[in-house]
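# Topology and contacts: notes
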Amino acid sequence: MLSFLRNMLEPPWLSFRSLISYLIEECKNTSQLKQIHAQIFTSSNLLQKDHHFFISRLLFFSALSGSGSLSYATQIFRRIKNPNLPIYNIMIRAYASKNSQNHDTHLCQALMLYKHMLSNGISPDSLTLPFLVKECTTRRAIGTGTGIQGQSIKLGFNTDLFVQNSMINFYSACASVSSARKLFDEMLIRDIVSWNSMIIGYLRCGRLDEALDLFRKMKRGNIITWNSLITGFVQGGRPKEALEFFHEMQCLSGDINMAKPDKITIASVLSACAHLGAIDHGKWVHGYLSRSGLECDMVIGTALVDMYGKCGCLERAHEVFREMPKKDTLAWSAIISVFALHGYGKEAFDIFKEMEAEGVKPNHVTFVGLLSACCHSGLVEIGRWCFDIMKRIYRIEPQVHHYACMVDILGRAGLFGEAEELIRNMPIEPDVFVWGALLGGCQMHGNVQLGEKVAQHLIDLEPLNHAFYMNLCDTYAKAGRYNDVQRIRASMKEQGIKKEIPGCSMIEVNGIVHEFSTVGSPDVVMDELVCLLTTLRNEMKANIVLMKN
DNA sequence: GTAGGGTTAG
């Protein structure tokens, strides 16, 4: 490459700047970069004159491209006598966006660089501040972010579109969405990023209707708007509307300016299908993916595994998983959870062994999957072992949902002493799910004595949650104490506690997702379901009679 | 330059 570089130094049609820039961009690794770096240093005076320019190109590649190295960039940076603004911006951006394990250190370094730059008499430009604000958003550094806003006002950048957009994003993600809205309303000029940042802000905090309201007011959304709405509605518990957005996208696809679904759309829509159990939609999206020529990457593969698994197609989920060329922790965790969900405890652990053999490190989600596998398959001893190795071997500190799973395993097995001891020794505060799991066990085994105590505790935590009263009623019923059932029901009535939101399930019939619950369900679906349930009940009764005989 | 994706119990 060096000889090529020497040969190219003279052509009149190619400037040094563009030649070196081209070569830097073509670098595949730090070692090639070092060769060019050396060449710049040993080249003619002409090159030396433009030293800052070449160094900033080198830094840009080394600090920000995937095949560079931040530590090499830092080494170069430390040897620069008087770094200029573009050089500082590259380094601040690199430190602020690097996915380091030690986030706080890097944020500190980004801010230290910023202070260093100011002390060298260099003022930031409109690029510097958004890098810092983005970093504060990722790290949820509220104090620092607010401080940077103060700086931006002082320096007169508070009307810069990029600064304003990054501040909207910062406030909506870290502090308050209403402060973000205030900034948004005060803006004289807004671009698509301003609108998207505000919509995403509302989606993030579950204010879906306000997000929707803003979306309907904006001129035209781009792919990020649509994808954000789909994901936001899935995560906000309204997956049916997420599918409707996708449908709207399809209907508008005739418009040349309409955003075309991309990989992110597919992943989000598959997640919506998984939440709804909408297998026909899911299959259609899978087909669409193949037809569209979009690459089925690891994220989509995982979403497909999850969708097929949650829609009841264990085999298809497994098949998709096997066909995935690369699998990360999330992909392995997804298939483990699918086996767990279907009650295949042993198979979930077989997959786990395979994952370990492949050298993929499990995370806390993997262990939720494994513990729930134990729970659904009644594997008490394996559950205890799993909980132990998670802490001891994998150094993963159990979170509150791991405790909830473990209590569930023990409670279902009627091991109340052990479950209570586990809760007593928890290093974190047990939440309603942990106590709820214990109450579930009491309900199952008719353990009135403990059930009363646990239910009372849960009622103290959430006095208006009807579920705990109902669980207590069921515990009494299981023990044959019907007077107590009546007493609790009367007490609920007296306090005005009722089941406000009816338990709701969804089923897809001929490609249409129907919601059904104890109040208001589509008649066709209910008729079919009642018919099926009657048949099943009669068959079960017949089998019991046969078994008794 | 600032905005978007998959896995977590009950």
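Structural data are supplied above this passage.
Only a predicted model underlies this, so the values are computations on that prediction, with no experimental measurement involved.

## Regarding the overall build of chain A
Looking only at helices and strands, one finds 31 helices and 2 strands in chain A. Residues counted as buried form 44% of the 549 residues belonging to chain A. A sequence separation of at least 24 residues applies to 58% of the contacts in chain A between residues at least 6 apart. For chain A, the exposed surface amounts to about 29400 Å²; the carbon and sulfur share of it is 56%.

## Section: the protein's contact with DNA strand B
In the vicinity of DNA strand B there are 48 residues, among which Ser 126, Asn 227, Thr 302, Asp 408 and Phe 433 approach most closely. Sugar plus phosphate: this is where 38% of the atoms of DNA strand B within 4 Å of the protein reside. One nitrogen or oxygen atom from the side chain of Ser 228 is found 3.5 Å from a sugar or linking oxygen belonging to DNA strand B. Interatomic distance of 2.3 Å between a side-chain N/O atom of Asp 408 and a phosphate oxygen of DNA strand B.

## Some points on the packing of aromatic side chains
Enumeration over the complete set of coordinates arrives at 16 aromatic pairs. A ring pair is formed by Phe 367 and Tyr 394, whose centres lie 5.5 Å apart and whose planes are at 55 degrees; its orientation type is tilted. Of this pair, Phe 367 sits in helix 23 (residues 364–377) while Tyr 394 sits in the loop between helix 24 (380–392) and helix 25 (400–412), and the two are 27 residues apart along the sequence. Residue Tyr 394 is classed as partly exposed on the basis of its relative accessible area, which comes to 22%. Taken together, the aromatic side chains of Phe 215, Trp 226, Phe 233 and Phe 245 make up a single cluster linked through ring pairs.

## Focus: the layout of surface pockets
By volume, the largest pocket amounts to about 780 Å³. Forming the walls of the largest pocket are 26 residues, and the residues nearest its centre are Thr 302, Asp 306, Lys 310, Leu 330 and Ala 334. At 7 residues, the largest contribution of residues to the lining of the largest pocket is made by helix 21 (residues 329–341). Tallied by class, residues from the lining of the largest pocket come to 13 nonpolar, 10 polar and 3 charged. The calculated volume of the second largest pocket comes to roughly 550 Å³. In this structure, the second largest pocket is lined by 22 residues; those nearest its centre are Pro 130, Lys 134, Phe 162, Ser 166 and Val 193. Those elements giving two or more residues to the lining of the second largest pocket turn out to be helix 7 (85–97), helix 9 (128–139), helix 11 (161–174) and helix 13 (192–204). Looking at the lining of the second largest pocket residue by residue, the class counts come to 10 nonpolar, 9 polar and 3 charged.

## As for the packing of helix 23 against helix 25
Interaxial distance between helix 23 and helix 25 falls to 9 Å at its minimum, and their mutual angle equals 10 degrees. Classified by the angle their axes make, helix 23 and helix 25 are roughly parallel. Between helix 23 and helix 25, the contacting residues are His 364, Phe 367, Val 368, Leu 371, Ser 372, Cys 374 and Cys 375 on the first element and His 401, His 402, Cys 405, Met 406, Asp 408, Ile 409 and Arg 412 on the second. When the residues that make up the contact of helix 23 with helix 25 are grouped by side-chain class, the tally is 8 nonpolar, 4 polar and 2 charged.

## A closer look at helix 16 (residues 239–251)
Here helix 16 contains 13 residues, and its C-alpha end-to-end distance of 19 Å stays within 8% of the 18 Å for a straight helix at 1.5 Å per residue. Listed in full, the buried residues belonging to helix 16 are Pro 239, Ala 242, Leu 243, Phe 245, Phe 246 and Met 249. Mapping the buried residues of helix 16 onto a view down its axis gives an arc of 150 degrees, with all of them on the same face. The outward face of helix 16, more than 90 degrees from its buried face, is lined by the exposed residues His 247 and Cys 251.

## A word on the state of the cysteines
Under the definition given, this model contains 0 disulfides. Looking at the unpaired Cys 251, the closest cysteine sulfur is the one in Cys 273, lying at 16 Å. Its sulfur unpaired, Cys 442 is 14 Å from the next cysteine sulfur, which belongs to Cys 473.

## A few points about the packing of helix 11 against helix 13
The contact between helix 11 and helix 13 brings their axes to 9 Å, and the two run at 5 degrees. Viewed along their axes, helix 11 and helix 13 adopt a mutual orientation that is roughly parallel. Of the residues in helix 13, those in contact with Leu 161, Asn 165, Ile 168, Asn 169, Ser 172 and Ala 173 of helix 11 are Val 193, Ser 194, Ser 197, Met 198, Gly 201 and Arg 204. When its residues are assigned to classes, the contact of helix 11 with helix 13 shows 5 nonpolar, 6 polar and 1 charged.

## A look at the environment of Ala 63
Along the chain, Ala 63 falls in helix 5 (residues 51–64). Put simply, Ala 63 and Ile 90 are 27 residues apart on the chain and 7.4 Å apart in space, counted from C-alpha to C-alpha. Among residues more than four places away in sequence, those in contact with Ala 63 are Ser 69, Leu 70, Ala 73, Ile 90 and Ala 94.

## Notes on unusual backbone geometry
A positive phi angle, close to 55 degrees, is found at Arg 140, a residue other than glycine. With respect to the helices and strands, the residue Arg 140 is situated in the loop between helix 9 and helix 10 (142–155). You will see that Arg 395, though not glycine, has its phi angle at about 55 degrees, which is positive. Exposure remark for Arg 395: the relative accessible area of 68% places this residue in the exposed category.

## Re the nonpolar core
Leu 59, Val 305, Met 307 and Leu 438 are the most contacted members of the largest nonpolar core, which has 155 residues in total. Tallying contributions element by element places helix 7 first for this core, with 9 residues. Sequence-distant contacts of Leu 59, that is, excluding residues within four places in its chain, are made with Leu 64, Ala 73, Ile 76, Phe 77, Ile 80, Ile 87, Ile 90 and Met 91.

## A look at the pattern of salt bridges
Applying the stated criterion across every chain yields a total of 24 salt bridges. Between Asp 306 and Lys 310 there is a salt bridge, and its shortest N-O distance comes to 2.7 Å. Taken together, the residues Asp 306 and Lys 310, both in helix 19 (residues 298–310) and 4 residues apart, mark about one turn of the helix. The closest approach of N and O atoms between Arg 481 and Asp 484, which form a salt bridge, is 2.8 Å. Assessed through its relative accessible area of 14%, Asp 484 is described here as buried. Each of the salt bridges in this network shares a partner with another, and the network as a whole consists of Glu 452, Arg 481, Asp 484 and Arg 487.

Cut-offs applied
- Residues numbered from 1 in each chain as written.
- Chains lettered and ligands numbered in written order.
- Predicted model: local features only at pLDDT ≥ 70, side-chain atom pairs only at ≥ 80, totals over all residues.
- Heavy atoms only, no water.
- Helix = DSSP H or I, 4+ residues; strand = E, 2+ residues; numbered from the N terminus.
- Buried < 20%, exposed > 50% of the residue type's maximum accessible area, 1.4 Å probe, protein only.
- Contact = heavy atoms within 4.5 Å.
- Areas by Shrake-Rupley, 256 points an atom, 1.4 Å probe, with all protein chains shown as cover.
- Near = heavy atom within 4 Å.
- Polar contact = N/O pair within 3.5 Å; in protein donor to acceptor, adjacent residues only side chain to side chain.
- Phe/Tyr/Trp six-rings, centres within 6.5 Å; stacked < 30°, edge-to-face > 60°.
- 1 Å grid on protein atoms, 1.4 Å probe; cavity = no way out; pocket = protein on both sides within 12 Å on 5 of 7 lines; lining within 4 Å.
- Points joined across faces, edges and corners; volume = space filled by probe spheres on them.
- Nonpolar A, V, L, I, M, F, W, Y, C, P; charged D, E, K, R; others polar.
- Axes fitted to C-alpha atoms, helices over the stretch in contact; angles between N-to-C directions.
- Parallel < 35°, antiparallel > 145°, perpendicular 65-115°, else oblique.
- Expected span 1.5 Å × (residues − 1).
- Arc of directions from axis to C-beta.
- Disulfide = S-S within 2.5 Å.
- Core = buried A, V, L, I, M, F, W, Y, C linked by side-chain atoms within 4.5 Å.
- Salt bridge = Lys/Arg side-chain N within 4 Å of Asp/Glu carboxyl O.

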